[in-house]
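Residues per chain, in single letters:
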Amino acid sequence: MSSSSIRAHLALVALLSATTFYFAYKSRRLNKFLRHSEYRKKPENPNPNKGKLFFISQTGTSKTLAKRLHALLTSNDLLFDLVDPQTYEPEDLSKEALVLIVASSWEDGKPPEAAKFFMNWIDESANDFRVGSLLLSNCKFAVFGVGSKSYEKTFNMVAKDLSKKMRELGAGEVLPVVEGDVDGGELDVVFEDWSKRVVAILKSGGDRLENGIVNGEASIVGVESDPVYHEYDDDEEEEDVVESEMVDLEDIAGKGPSRRSVNVAETNGKVKDGKRDMVTPVIRASLEKQGYKIIGSHSGVKICRWTKSQLRGRGGCYKHSFYGIESHRCMEATPSLACANKCVFCWRHHTNPVGKSWQWKMDDPIEIVNTAIDLHTKMIKQMKGVPGVTLERLNEGLTPRHCALSLVGEPIMYPEINTLVDELHRRRISTFLVTNAQFPDKIKLLKPVTQLYVSVDAATKDSLKAIDRPLFGDFWERFLDSLKALRDKQQRTVYRLTLVKGWNTEDIEAYSKLFSIGNPDFVEIKGVTYCGS
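Okay, so let's go over this structure. (Residues numbered from 1 in each chain as written. Predicted model: local features only at pLDDT ≥ 70, side-chain atom pairs only at ≥ 80, totals over all residues. Heavy atoms only, no water.)

1. A closer look at the overall build of the protein chain
Across its full length, the protein chain holds 15 helices and 18 strands. The buried share of the protein chain, reckoned over its 533 residues, is 47%. Taking the contacts inside the protein chain whose residues are at least 6 apart along the sequence as the reference set, 75% of them involve residues at least 24 apart. (Helix = DSSP H or I, 4+ residues; strand = E, 2+ residues; numbered from the N terminus. Buried < 20%, exposed > 50% of the residue type's maximum accessible area, 1.4 Å probe, protein only. Contact = heavy atoms within 4.5 Å.)

2. Focus on the sheet that holds strand β16 (residues 451-455)
Ordered by their spatial adjacency, 8 strands build an open sheet running β11-β12-β13-β14-β15-β16-β17-β18, and the pairing between neighbours is mixed. Looking at which strands have only one partner, the edges of the open sheet turn out to be β11 (293-295) and β18 (522-527). Neighbour to neighbour, the strand axes of the sheet diverge by 25° on average, direction disregarded. In this sheet, β16 lies alongside strand β15 (residues 430-435) in parallel orientation, the contact comprising 4 bridges. The partner of T435 across the bridge, within β16, is V454. (Pairing = 2+ DSSP bridges. Axes fitted to C-alpha atoms, helices over the stretch in contact; angles between N-to-C directions.)

3. Describing the packing of aromatic side chains
For the structure shown, the criterion picks out 16 aromatic pairs. Seen in terms of ring centroids, Y323 and F432 are 5.5 Å apart; in terms of plane orientation they differ by 85°. Their pairing is edge-to-face. Of the two residues, Y323 is situated in helix α8 (residues 318-323) and F432 in strand β15; the sequence distance between them amounts to 109 residues. F432 matches Y323 in its accessibility class, with the two residues each being buried. Ring centres of F432 and Y453 lie 5.7 Å apart, and the angle between their planes is 45°; this geometry places the pair in the tilted category. Note that F432 is positioned in strand β15 and Y453 in strand β16, a separation of 21 residues in sequence. Like Y453, F432 is buried. The residue whose ring lies beneath R478 is F472, and the NZ or CZ to ring-centre distance is 3.7 Å. (Phe/Tyr/Trp six-rings, centres within 6.5 Å; stacked < 30°, edge-to-face > 60°. Lys NZ or Arg CZ within 6 Å of the ring centre and 35° of its normal.)

4. A word on the pairing of β18
In this structure, strand β17 (residues 493-499) lies alongside β18, joined through 6 bridges in parallel fashion. Bridging across to β18, L499 finds its partner in G527. In this fold, the crossover linking β17 to β18 by way of helix α15 (residues 508-518) has right-handed handedness. (Right-handed = clockwise from strand over helix to strand, strands pointing away.)

5. With respect to the environment of N156
Along the polypeptide, N156 turns up in the loop between β4 (140-147) and α4 (157-168). Taking C-alpha positions, N156 is 8.8 Å from W106, a pair spaced 50 residues apart along the chain. Aside from chain neighbours lying at most four places away, what touches N156 is A103, S105, G145, V146, G147, E179 and G180. Polar side-chain contacts of N156 include one of 2.8 Å to the backbone nitrogen of V146. (Polar contact = N/O pair within 3.5 Å; in protein donor to acceptor, adjacent residues only side chain to side chain.)

6. A few points about unusual backbone geometry
Residues other than glycine seldom take positive phi values, yet R469 does so here, at roughly 45°. In this structure, R469 sits in the loop between α13 (461-468) and α14 (475-487). Of note in the backbone geometry, D507 takes a positive phi value of approximately 55° without being a glycine. Along the chain, D507 turns up in the loop between β17 and α15. Here D507 falls in the partly exposed class, since its relative accessible area comes to 39%.

7. Things to note about the state of the cysteines
The tally for this structure, following the rule as stated, stands at 0 disulfides. Between C304, a cysteine without a disulfide, and C317, which holds the nearest cysteine sulfur, the sulfur-to-sulfur distance is 6.2 Å. Classification of C304 by relative accessible area gives partly exposed; the value is 22%. The thiol sulfur of C343 is not disulfide-bonded, and the nearest other cysteine sulfur, from C339, lies at 6.0 Å. On the accessibility criterion, C343 (10% relative accessible area) is buried. (Disulfide = S-S within 2.5 Å.)

8. Brief notes about the pairing of strand β13 (residues 330-334)
Counting buried residues in β13 gives 5 out of 5 residues, a clear majority hidden from the surface. Both faces of β13 are covered, namely the face carrying C330, E332 and T334 and the face carrying M331 and A333.

9. Some words on the packing of α13 against α14
At a minimum axis distance of 10 Å, the contact between α13 and α14 shows a crossing angle of 100°. When the axis of α13 is compared with that of α14, the two are roughly perpendicular. Of α14, the residues touching α13 (which contributes K461, L464 and K465) are F475, W476, E477 and F479. Considering only residue class, the contact of α13 with α14 consists of 4 nonpolar, no polar and 3 charged. (Parallel < 35°, antiparallel > 145°, perpendicular 65-115°, else oblique. Nonpolar A, V, L, I, M, F, W, Y, C, P; charged D, E, K, R; others polar.)

10. A short note on α4
Spanning 12 residues, α4 covers 16 Å between terminal C-alpha atoms, matching the ideal 16 Å at 1.5 Å per step. Those residues of α4 that sit buried are V158, A159, L162, S163, K165 and M166. Its buried side turned inward, α4 meets β1 (51-56), β3 (98-104), α3 (116-127), β4 and β5 (172-173). (Expected span 1.5 Å × (residues − 1).)

11. Some thoughts on the packing of helix α9 (residues 365-381) against helix α11 (residues 417-426)
At their nearest, the axes of α9 and α11 sit 8 Å apart, and the two run at 45° to each other. When the axes of α9 and α11 are compared, the pair comes out oblique. When the axes of α9 and α11 are compared, the crossing they make is right-handed. Here P365, I366, I368 and V369 of α9 lie close against α11, whose contacting residues are T419, L420, E423 and L424. (Left-handed = near helix turned anticlockwise from the far one by under 90°.)

Put into structure tokens, the structure is as follows:
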């Protein structure tokens, strides 16, 4: 090698070494600067007890009033965030110490569009069996309603409903609801008076509260206390609560009134012989809006889009491809709208009821089958005249030959499931039943169905808890026992995997171990399609 070549190589080595040293030095300086900056940076919310001032507004009136109140609070050194509920995560309500709400009512006493999710969450939580009366026990609140008396019965319905539901969830109401009338000419005066009362309460130094309503002077700002969370358990024995750093709404339910009590609130449906309807008026209205036909007090039926598709000659679902089942002759139903999970991928918007055991009125299984077929055929008849629907397929569809007991909920919870299955088989209707793997004893007692499915939604205990959000404390043991029960059934069985990217698509080896436990005949994999946000 020539001397010039050696010098060139040495020069290159020196250059690379210098460059490496320079970047290492700059990187070290940058990391030191960033650490120093983070140390000096103020937290986003320096006051953990900073109150929230919500405005539920359609035309801007409530928002304007809320801004006025916010300015008044600020001038009195009372720290509040002005919050549009559309941008707020409702599950954070359990962390709030003080909430003020200026709420408008819109058409038919319903909330404005921007606040529907917020209001639905509060309503669902108040009616959820697992969310007891301590969820908001650390929160104090007051509500001002904005409405028009010309609407009579629905006047300030949103404000009154908010007050009622938040009290049911354990929040303390520091002032009764004040109802402002936009048509009365005194809205500003009434709101100013309410605002002054709120400020006076917040600035007072006393600490006496009676039944959540201020009695004398009360001190609310700056209250620091650790929230107490309880897992609701409707079984006789106590169950271990699974602890996690990630706390989900379903895991922080307070201890509510006993479900065995015969004194059931009107919102829980009709009561007969100490037992209530599973489907409350609120749940019924929500499910019917989604296209479900409610049968009796706890069952349902719905026409599938694949049924409509095959009626129009556009192809059927996977059951047609895999098992030869004609989709236009398939009836999708359930004898139990209740479930023991609240899965994150549930497309029923969690409107169905939940529970760990059967505690409702029970309808006759023969009547459920009769009504299901009757409602199903009525929905088939409505397809008459739709482009592509032939008379031959329509007539075939009027005589269902298969029933998918997988519509919603947990069909195996229904105490008379065996009688119902026998009745379907007697009518020469095959049955595919899906269970969510939380009732192993029910699986053992189940008579043979045409095909028995178990939902395998995750491969590990932690991921199953995260994605299924089960009610049972011993959910993992129940899950594994269900797989073992499936193995011992001596009939055609299926693992159904619903895969959600980022949730349960990893742990391939763990899935393989689960397959060896239940030894299913088939494995069906479904994917979740995100629609919107």
